[in-house]
Amino acid sequence: MNIADTIIPAALRIPHKPRLAGMSRAELAEAAVSVGEPAHKAKMRASQLFHWIYFRGARSFDDMTTISKETRVKLGQKYDVGREDIARAQLSEDGTRKWLVRLADGALVETVYIPDEDRATLCISSQVGCTLTCKFCHTGTQPWVRNLTTAEIVGQVMLARDEVNEWPSDPDGRMITNIVLMGMGEPLYNYDNVVAALHLLTDNEGIAISRRRITVSTAGVVPMIGKLGEETGAALAISLHATRDEVRDVIVPLNKKYPIAALLDACRNYPGSANSRRITFEYVMLKGINDSVRDAKELVQLIAGIPAKVNLIPFNPWPGSPYECSDDESIAKFVEIVNRAGYSSPIRTPRGRDILAACGQLKSDSLRERKSRVTASPSTPA
Ligand code: SAH
């Protein structure tokens, strides 16, 4: 296999200052005032900073030539405009790129860039690890969890745009056209930071990615679903994976709290859902568990009336995973039933499997990486 794989040693850690990238206009205005800018200039400074940070992608105060040298120096003494470190960069045979991102406290998350003919999708993480323990998901086996901050969520997009050379923001010829919150973590368990991040990512004067091109995937945190639609207008994806509660209770334990009927009600009421804005139902194909003709028929009955598409995901194995992927014949039969019912059901081609970047495979690297760091430095949190 021809995999480019670069392990980048930890940079010499400079004391961590609050980062401007990740702040809203209001927070940038406060930051300006905190270094002595007069209140009547705060709004203008915030606009300038916003432009440099989110439109031009500035990584140094020196770049911000519309702001006086003196103010830049004062800002630099107290704040930082840099990025997180990339601990490891991997390139798959199929062009998929995976970055292991080292956060300021040493925690690690993964971000995946998936180029296609007509689009390029960035898959970002919302938490370090995940609390959900879905049986087929590798991330679910990771014990250590915290929410990412708004800055860390937006930071993954900014870092990826550095790597693919996409500054300043240009509405035409984008390198990253779509964003999916389908990396590590459950976005609706980190609701406030995710929503703040979506507002920053869609801001027309900054990164300006259309909210229609941002998809939030959830295993089904029912009370937050309607709110997400109202507050962000993001596209919704549901990790459904089973058609009966007794099966879903086992493979997606969150189902015991929010069963299938309640989840589908939330989908029926999702603000802005329409044929032009269909809800995506993700369905991982697990041999002998959820892949029968009966399952397929039940699935189309369940989602009847919801503008939807079904995204069938061949199960991606990981070391020690307790399931197998359905065979081609079962997948073909399943697809046929779903298609006949009038739903488009693309099979998600696994991308980046050779670098464990495909759905549900994220995480192993972070563990391995963490272990080696723990050996190197006994004071590192385990
Ligand atoms: N917690 C959110 C966001 C993660 S999205 C959610 O559950 O939707 C990651 C997607 O990959 C989910 O649809 C998940 O169910 C799917 N997935 C997880 N493990 C997988 C595996 N081993 N093979 C294929 N898909 C998997």
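Up top is the structure these notes are about.
Residues numbered from 1 in each chain as written. Predicted model: local features only at pLDDT ≥ 70, side-chain atom pairs only at ≥ 80, totals over all residues. Heavy atoms only, no water.

A. Structural detail: the pairing of strand 9 (residues 214-218). Most of strand 9 is tucked away, with five of its five residues classed as buried. By the alternation rule, side chains of strand 9 split into Ile-214, Val-216 and Thr-218 and Thr-215 and Ser-217, which are all buried. Where strand 8 (residues 178-181) meets strand 9, three bridges bridge the pair, whose relative direction is parallel. Residue pairing across strands places Val-180 opposite Thr-215, the latter belonging to strand 9. (Buried < 20%, exposed > 50% of the residue type's maximum accessible area, 1.4 Å probe, protein only. Helix = DSSP H or I, 4+ residues; strand = E, 2+ residues; numbered from the N terminus. Pairing = 2+ DSSP bridges.)

B. The site of the ligand, seen in detail. Inspection of the region around the ligand gives 22 residues, with Phe-136, Ser-217, Ser-239, His-241 and Asn-316 positioned closest. The separation between a nitrogen atom of the ligand and a polar main-chain atom of Phe-136 is 2.9 Å. A distance of 2.5 Å separates an oxygen atom of the ligand from a polar atom in the side chain of His-241. Taken together, the elements giving at least two residues each to the shell around the ligand come down to strand 9, strand 11 (279-285) and strand 12 (308-314). (Near = heavy atom within 4 Å. Polar contact = N/O pair within 3.5 Å; in protein donor to acceptor, adjacent residues only side chain to side chain.)

C. Representation of the nonpolar core in the model. Leu-20, Ile-53, Met-64, Phe-136, Ile-179, Ile-238 and Phe-281 are the most contacted members of the largest nonpolar core, which has 107 residues in total. Formed jointly, this core draws a minimum of three residues from each of two domains, domain 1 (25-78) and domain 2 (85-372). Once you skip the residues sitting within four places of it in the chain, Ile-238 turns out to touch Thr-218, Ile-225, Leu-263, Cys-267, Ile-279, Thr-280, Phe-281 and Glu-282. (Core = buried A, V, L, I, M, F, W, Y, C linked by side-chain atoms within 4.5 Å. Domains from an automatic or database assignment. Contact = heavy atoms within 4.5 Å.)

D. Layout of the pattern of salt bridges. Per the stated rule, a full pass over the model turns up 21 salt bridges. Linking Arg-146 and Asp-105 is a salt bridge whose minimum nitrogen-to-oxygen distance equals 2.8 Å. A residue pair is termed long-range when its members are at least 10 positions apart, and Arg-146 in strand 7 (residues 146-147) and Asp-105 in the loop between strand 3 (97-102) and strand 4 (108-115) qualify at 41 residues. Note that Arg-294 is salt-bridged to Glu-298, the shortest N-O span being 3.0 Å. With Arg-294 and Glu-298 both in helix 9 (residues 293-302) and four residues apart, this pair spans about one turn of that helix. (Salt bridge = Lys/Arg side-chain N within 4 Å of Asp/Glu carboxyl O.)

E. Spatial organisation of the packing of helix 5 (residues 191-202) against helix 6 (residues 222-232). Running from N to C, helix 5 and helix 6 cross one another at 20 degrees; their axes reach a closest spacing of 11 Å. As far as their axial angle goes, helix 6 and helix 5 are roughly parallel. At the point where helix 5 passes helix 6, the crossing takes the right-handed sense. The residues of helix 6 that touch helix 5, namely those facing Tyr-191, Val-195, Leu-198 and His-199, are Met-224, Lys-227, Leu-228, Glu-231 and Thr-232. Counted by class, the contact of helix 5 with helix 6 contains five nonpolar, two polar and two charged residues. (Axes fitted to C-alpha atoms, helices over the stretch in contact; angles between N-to-C directions. Parallel < 35°, antiparallel > 145°, perpendicular 65-115°, else oblique. Left-handed = near helix turned anticlockwise from the far one by under 90°. Nonpolar A, V, L, I, M, F, W, Y, C, P; charged D, E, K, R; others polar.)

F. Local environment of helix 1 (residues 25-34). Listing the buried residues of helix 1 in full gives Leu-28, Ala-29, Ala-31 and Ala-32. Looking down the long axis of helix 1, one finds its buried residues gathered within 160 degrees of arc, a one-sided arrangement. In helix 1, the exposed positions that point more than 90 degrees away from the buried face belong to Ala-26 and Glu-30. Taken together, the buried residues of helix 1 touch helix 2 (39-55) and helix 3 (69-78). Looking at the residues trailing helix 1, positive phi occurs at Gly-36, about 100 degrees. (Arc of directions from axis to C-beta.)

G. Examining the packing of aromatic side chains more closely. Counting across every chain of the model gives four aromatic pairs. Between Phe-50 and Tyr-54, the ring centres sit 4.7 Å apart and the planes meet at 55 degrees, which makes this aromatic pair tilted. With Phe-50 and Tyr-54 both in helix 2, this residue pair falls four residues apart, about one helical turn. Taking relative accessible area as the criterion, Phe-50 reaches 2% and is therefore assigned buried. Classification of Tyr-54 by relative accessible area gives buried; the value is 0%. Ring centres of Phe-315 and Tyr-323 lie 6.5 Å apart, and the angle between their planes is 90 degrees; this geometry places the pair in the edge-to-face category. With a relative accessible area of 2%, Phe-315 lands in the buried category. Positioned over the ring face of Phe-50 is Arg-25, at 4.0 Å from the centre of the ring. Seen from the ring of Trp-167, Arg-161 lies directly overhead, with NZ or CZ sitting 4.3 Å from the centre. (Phe/Tyr/Trp six-rings, centres within 6.5 Å; stacked < 30°, edge-to-face > 60°. Lys NZ or Arg CZ within 6 Å of the ring centre and 35° of its normal.)

In short, shape yes, function no, at least from these values alone.
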